Amino acid sequence: MGLELYLDLLSQPCRAVYIFAKKNGIPFELRPVELLKGQHHSDAFAQVNPLKKVPALKDGDFTLAESVAILLYLSRKYEVPDHWYPQDLQARARVDEYLAWQHTALRSSCTRAMWQKMMFPVFLGEQVPPETLASTLAELDRCLQLLEDKFLKDQDFVAGPHISVADLMAITELMHPVSAGCQVFKSRPKLAAWRQRVEAEVGKDLFQEAHAAVMKVKDLPPADPAIKEKLKPSVQGLLQ
């Protein structure tokens, strides 16, 4: 059995892995895992990833969890172009710096913004206190400012003059609140120009393909009671 990727393109890091593999011509079997149906909690999926999270990778007898680890594994195994994860020590360190930061900063605020603005009220039928949403959107704005000031600066891409896995992780995160109607790029011309460069490097068709599902999530019908009960324990933390 060849390379298998367990993905749900509603997930930001899954989209980053999917774009990276497709863009670099890495052959893989797509194994869909539907998060909104709770399939990541199944016993079958737990055999692949006991953490019960996507993305996950299976390469023969080898299994791997966590999006950053998967991206770096693929970049090394398939010897992709150097700009994705540079050999130069300091250039690579800049990519690593962003990847280390984004987990508890941009990713957290983007996920909470999407769920609080759209998924809780529309999909789960739960009202979010206005002050909770306001606090989340303020934190998202703070993270966007840090993304511009600390990482992007006056460069073309997050970690330097060329696109890297850092840009894929960043853009897929930002499309989460965008899908919920947040005007992430409207008053940020520097960030908007960066998005256009990333899309051009990835290719507009692939970018749209990867984001088609999340951009339609606002049209989902309300979850049935069984799905609500299955999902609630794992998403309640997103109301904080």
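Owing to the predicted nature of the structure, the values given are computational and were not obtained by experimental measurement.

## Quick notes on the domain arrangement of the protein
Link 1 in the chain: If you check the domain split of the protein, you get domain 1 (3–84) and domain 2 (89–238).
Link 2 in the chain: Between domain 1 and domain 2, the C-alpha centre-to-centre distance is 19 Å.
Link 3 in the chain: Tallying the contact residues gives 23 residues for domain 1 and 33 residues for domain 2.
Link 4 in the chain: Considering only the surface of domain 1 that becomes buried against domain 2, Gln 12, Leu 36 and Trp 84 emerge as the three largest contributors, covering 27% of it.
Link 5 in the chain: Put simply, domain 1 and domain 2 have 0 salt bridges between them.
Link 6 in the chain: The set of elements that each furnish at least two residues to the side of domain 1 that touches domain 2 consists of α1 (12–23) and α3 (67–77).
Link 7 in the chain: If you tally residues by element for the side of domain 1 that touches domain 2, the top one is α1, at 9 residues.
Link 8 in the chain: The residue makeup of the side of domain 1 that touches domain 2, split by class, is 13 nonpolar, 5 polar and 5 charged.

## Brief notes about the pattern of salt bridges
Link 1 in the chain: All told, the structure shown has 14 salt bridges when counted by the stated rule.
Link 2 in the chain: Taking the shortest distance from any N to any O, the salt bridge between Asp 154 and Lys 190 comes out at 3.8 Å. Of this pair, Asp 154 sits in the loop between α6 (130–152) and α7 (165–179) while Lys 190 sits in helix α8 (residues 189–202); the two residues are 36 residues apart in sequence, bridging distant segments of the chain.
Link 3 in the chain: In this structure Asp 154 comes out as exposed when scored by relative accessible area, which is 76%.
Link 4 in the chain: The partly exposed category is assigned to Lys 190, whose relative accessible area is 32%.
Link 5 in the chain: The partner of Asp 156 in a salt bridge is Arg 197, and the shortest N-O contact between them spans 3.9 Å. With Asp 156 in the loop between α6 and α7 and Arg 197 in helix α8, the pair connects residues that are 41 residues apart, well separated along the chain.

About the criteria used
Residues numbered from 1 in each chain as written. Predicted model: local features only at pLDDT ≥ 70, side-chain atom pairs only at ≥ 80, totals over all residues. Heavy atoms only, no water. Domains from an automatic or database assignment. Contact = heavy atoms within 4.5 Å. Buried area = accessible area lost by both parts, 1.4 Å probe. Salt bridge = Lys/Arg side-chain N within 4 Å of Asp/Glu carboxyl O. Helix = DSSP H or I, 4+ residues; strand = E, 2+ residues; numbered from the N terminus. Nonpolar A, V, L, I, M, F, W, Y, C, P; charged D, E, K, R; others polar. Buried < 20%, exposed > 50% of the residue type's maximum accessible area, 1.4 Å probe, protein only.

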